[in-house]
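Residue-level structural notes
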Amino acid sequence: MQSFKLKDYNLGDTIAAIATFPSLSALGVIKVSGKKAFPIISKIFLPRRKKDMRKVKTYTLHYGWIMEKSKVPALPAGRKSQKSKMGNQKIRTMNHELRTTNYIVDEVLVSVMRAPNSYTREDVVEISSHGGILVSNKILEIILREGARLALPGEFTYRALAKGRIDLLQAESILDIVEARSEEGLKAAAMQLSGESSQKIKKIKDEIKEVFVETESSINFPEDDTSICLTQAKRKIKVIEKKINQFLQGGQEAKILKEGTRCVICGKVNTGKSTLFNRLLGEERVIVSNYAGTTRDVIEETINIRGIPLRIYDTAGILEPKDFIAKEAIEKSQAALGGADLVILLLDGSKSLGKDDYFLLEKVRNKNTILAVNKIDLPQRIKNISKFKGYRVGLSALKNTGIEDLEEAIFKSVYKKGLHRQDMVFLSQYQRQSLRAAGDNIVEARNFLDKGHTIDFVNLSLKSSLDNLGKLTGEVLTEEILEGIFSNFCIGK
Ligand code: GDP
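As the structure is a prediction and not an experimental result, all values here were calculated from the model.

Conventions used here
Within each chain, residue numbers correspond to sequence positions counted from 1 in written order. Given that the model is predicted, a residue must reach a pLDDT of at least 70 before its local features are reported, and side-chain atom pairs must reach 80 or more before they are shown or counted; all residues, however, enter totals for whole chains, interfaces and linings. Side-chain measures here rest on the full set of heavy atoms in the structure, leaving out hydrogens and waters. Counting from the N terminus, the helices are the DSSP runs of H or I reaching at least four residues and the strands are the DSSP runs of E reaching at least two. Only protein chains enter the area calculation, which uses a 1.4 Å probe; residues under 20% of their type maximum are buried, those over 50% are exposed, and those in between are partly exposed. The contact criterion used throughout is that any non-hydrogen atoms of two residues lie within 4.5 Å. In these tables, accessible area is a Shrake-Rupley quantity obtained with a 1.4 Å probe, and a residue counts as shielded only by the protein chains included in the view. Here the aromatic set is Phe, Tyr and Trp, taking the six-membered ring for Trp, and pairing holds for ring centres within 6.5 Å; pairs whose planes are under 30 degrees apart are stacked, those over 60 apart are edge-to-face, and all others are tilted. Note on pairing: DSSP must find at least two bridges between two strands before they are called paired. Angular values range over 0 to 180 degrees, each being the angle between N-to-C directions of two axes fitted as lines to C-alpha atoms, with helices fitted over their stretch in contact. Within this scheme a cavity is a closed region of a 1 Å grid, computed over the protein atoms alone, that accommodates a 1.4 Å probe without allowing it to escape, whereas a pocket is open but has protein on both sides within 12 Å along at least five of seven lines; lining residues each have an atom within 4 Å of a point. Grid points are joined across faces, edges and corners, and a volume is the space filled by probe spheres set on the points. When residue character is reported, Ala, Val, Leu, Ile, Met, Phe, Trp, Tyr, Cys and Pro are called nonpolar, Asp, Glu, Lys and Arg charged, and the others, Gly included, polar. The term salt bridge refers to a pairing of a side-chain nitrogen on Lys or Arg with a carboxyl oxygen on Asp or Glu at a separation within 4 Å. Grouping into patches uses exposed residues only, defined as over 30% relative accessible area, and leaves out salt-bridged ones; the cut-off is 9 Å for like charges and 5 Å for nonpolar side chains (Val, Leu, Ile, Met, Phe, Trp, Tyr). Roughly parallel means an angle under 35 degrees; roughly antiparallel means over 145; roughly perpendicular covers 65 to 115; every other angle is labelled oblique. A clockwise turn of the near helix away from the far one marks a right-handed crossing, whereas an anticlockwise turn of less than a right angle marks a left-handed crossing.

Assigned secondary structure in the protein chain consists of 15 helices and 13 strands. For the protein chain, the proportion of its 493 residues judged to be buried stands at 48%. Partitioning the intrachain contacts of the protein chain with sequence separation of at least 6 by distance along the chain shows that 71% fall at a separation of at least 24. As displayed, the protein chain has an accessible area near 24,900 Å², and 52% of this comes from carbon and sulfur atoms.

Our next topic: the packing of aromatic side chains. By the definition in use, this model includes four aromatic pairs. When the ring of Tyr 358 is compared with that of Phe 388, the centres are 6.4 Å apart and the planes differ by 50°; the resulting orientation is tilted. A residue pair is termed long-range when its members are at least 10 positions apart, and Tyr 358 in helix H11 (residues 355-363) and Phe 388 in the loop between strand E12 (369-374) and strand E13 (391-394) qualify at 30 residues. Residue classification places Tyr 358 among the partly exposed residues on the basis of a relative accessible area of 34%.

In sheet architecture, strand pairing relies on hydrogen bonds along the backbone and comes in two forms, parallel and antiparallel. Strands sit in the order E3-E4-E5-E6-E2-E1-E7 across an open sheet of seven strands; the sheet is mixed. Whereas interior strands pair on both sides, the edge strands pair on one side only; in this sheet they are strand E3 (45-47) and strand E7 (149-150). Bridge analysis of strand E2 (residues 27-33) against strand E6 (residues 124-130) gives seven bridges, and the strand direction is antiparallel. In the strand pairing of E6, Ser 33 is matched with Val 124. Here helix H4 (residues 155-162) sits on the sheet in contact with strand E1 (15-18), E2 and E7, set at roughly 135° to E1.

What follows is about the pairing of strand E8 (residues 261-266). Along E8, five of the six residues are buried, which leaves the element largely enclosed by surrounding structure. Sheet analysis places E8 next to strand E11 (residues 342-348), joined by four bridges and oriented parallel. Across the sheet, residue Ile 265 finds its bridge partner in E11, namely Ile 344.

Glancing now at empty space enclosed by the protein. As enumerated under the stated definition, the model contains two cavities of 30 Å³ or more in all. By volume, the largest cavity amounts to about 50 Å³. Along the walls of the largest cavity sit Asp 176, Glu 179, Ala 180, Arg 181, Gly 185, Leu 257, Lys 258 and Phe 426, which together make up its complete lining. Of all elements in the fold, only helix H5 (168-179) and helix H8 (230-259) reach the threshold of two or more residues within the lining of the largest cavity. Classifying every residue of the lining of the largest cavity by side-chain character gives three nonpolar, one polar and four charged.

Okay, the pattern of salt bridges next. Under the counting rule described, the total for this entry stands at 27 salt bridges. A salt bridge links Glu 155 to Arg 159, with the nearest nitrogen and oxygen atoms 3.9 Å apart. Note that Glu 155 and Arg 159 are positioned in helix H4 at a spacing of four residues, about one turn of the helix. On the basis of relative accessibility, which here comes to 0%, the residue Arg 159 falls in the buried class.

Before going further, it helps to examine the environment of Glu 184. Along the chain, Glu 184 falls in helix H6 (residues 183-193). Taking the C-alpha atoms as reference, Glu 184 lies 9.5 Å from Lys 258; in sequence the two are 74 residues apart.

Together, Leu 61, Tyr 63 and Leu 109 make up a nonpolar patch on the protein surface, roughly 270 Å² of accessible area in all. Among the secondary structure elements, Leu 61 is positioned in strand E4 (residues 60-69). Leu 61 gets classed as exposed once you look at its relative accessible area, which sits at 55%.

Interhelical geometry of H5 versus H6 gives an angle of 150° and a closest axis separation of 8 Å. The angle between H5 and H6 falls in the class roughly antiparallel. In this structure, H5 meets H6 at a crossing whose hand is left-handed. In this structure, H5 contributes Leu 169, Gln 170, Glu 172, Ser 173, Ile 174, Asp 176 and Ile 177 to the contact, and H6 contributes Leu 186, Ala 189, Ala 190, Gln 192 and Leu 193. Grouping the amino acids of the contact of H5 with H6 by side-chain chemistry returns seven nonpolar, three polar and two charged.

As structure tokens, then:
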């Protein structure tokens, strides 16, 4: 993360950055946005077919070479090879002040997007070069030399926001698309980018405004017939409250999709934790052994279960330490259990419940727990687990049976009310706070109405709610908020 001040985001500058991760990849993309984008590209790019790059049509793609002025003539001296490299175009007749002292940096494709139909609503040029670390950096360096400035984190997206192409909710979703770790998360973020969440917020705001206007006229013309109908206002406010709560719930679901659910697998030794962990992971990651206490530490892996990223932890056991190393591992396991959103407590179905099982059953009593009875392929001796709460599944980690039931139980215990992608919304911490505050204002307004307070109070609460919702979409913005949001972006986005 890079720290910067919003004032550094000078909208008048032409900005440039490498949009791809500099690595040994097949392609690298360099983006340029601003007034100088076309003049710069026409100076440094030699198209295969002669044309003036300043005048080419929007949404077109151009093949050619990025050239750099140099004292070292890089083109082959012989006329013939010059022709074959550059096609039929003669270098000296080019419209580019390019002479043989120019050398080829890379063979590229240039796409152009003219204002206002681009990501930033400015003139944008994107150069697809070959991948690798050196070549894209070299091209960027040439662009900067020609008058562009290196873009700050999130500066392209900031321009889209500043020029009104997207609102804050959409800006936030862009980050979530980039960072998505599951397919469900990606779908929800893409939906948000399309503006659906913004539309929903707008609708809620319109509904609040409607009641707000009624309260205004009731305050200004108390003797009028137009004065507020209290029962109707109460009904409307209840609907609004429900919608905001739904939105908050959607924010919570999106948070799980984004950050993943912390799921701990625990159980006494030899119940098959490592075997199950490997089974869920689909690979032999943890050493499985018949000797008690082989897994020494907490191992974390992220897997996807029905589109939910699940951060699973295989614990060494949280029972009595047998030796020093185990003691350390046990402490870590206890900590993992403490922070878990979901616990899979594994029990050995081929044995009756023992002291250790009861200890663990007690420990997870207030947690979101799945009681998983393993080794159902063996004769069953386990009894008395029906009195413990939590989802119950039978499985055999070794024989690979019942795993789907376990996955179903995981899904259901994470999304108790099902997954409502249409309600899901990715919010920054600041946005979540604003939404919560907007909801509190509505509850306040309802309470004032219920208790028969003067309509002025209701009016004020509704006004605050509208202001708080405005913060969500970015109508009310401060430098601090913007800096907070955009410093999470990477350069080039
Ligand atoms: P942990 O100590 O809880 O991690 O247990 P492990 O995964 O190391 O397994 C202990 C032993 O139980 C190994 O020999 C496994 O092969 C065996 N085991 C695990 N799951 C099953 C199962 O579903 N059925 C049977 N029969 N054996 C299992």
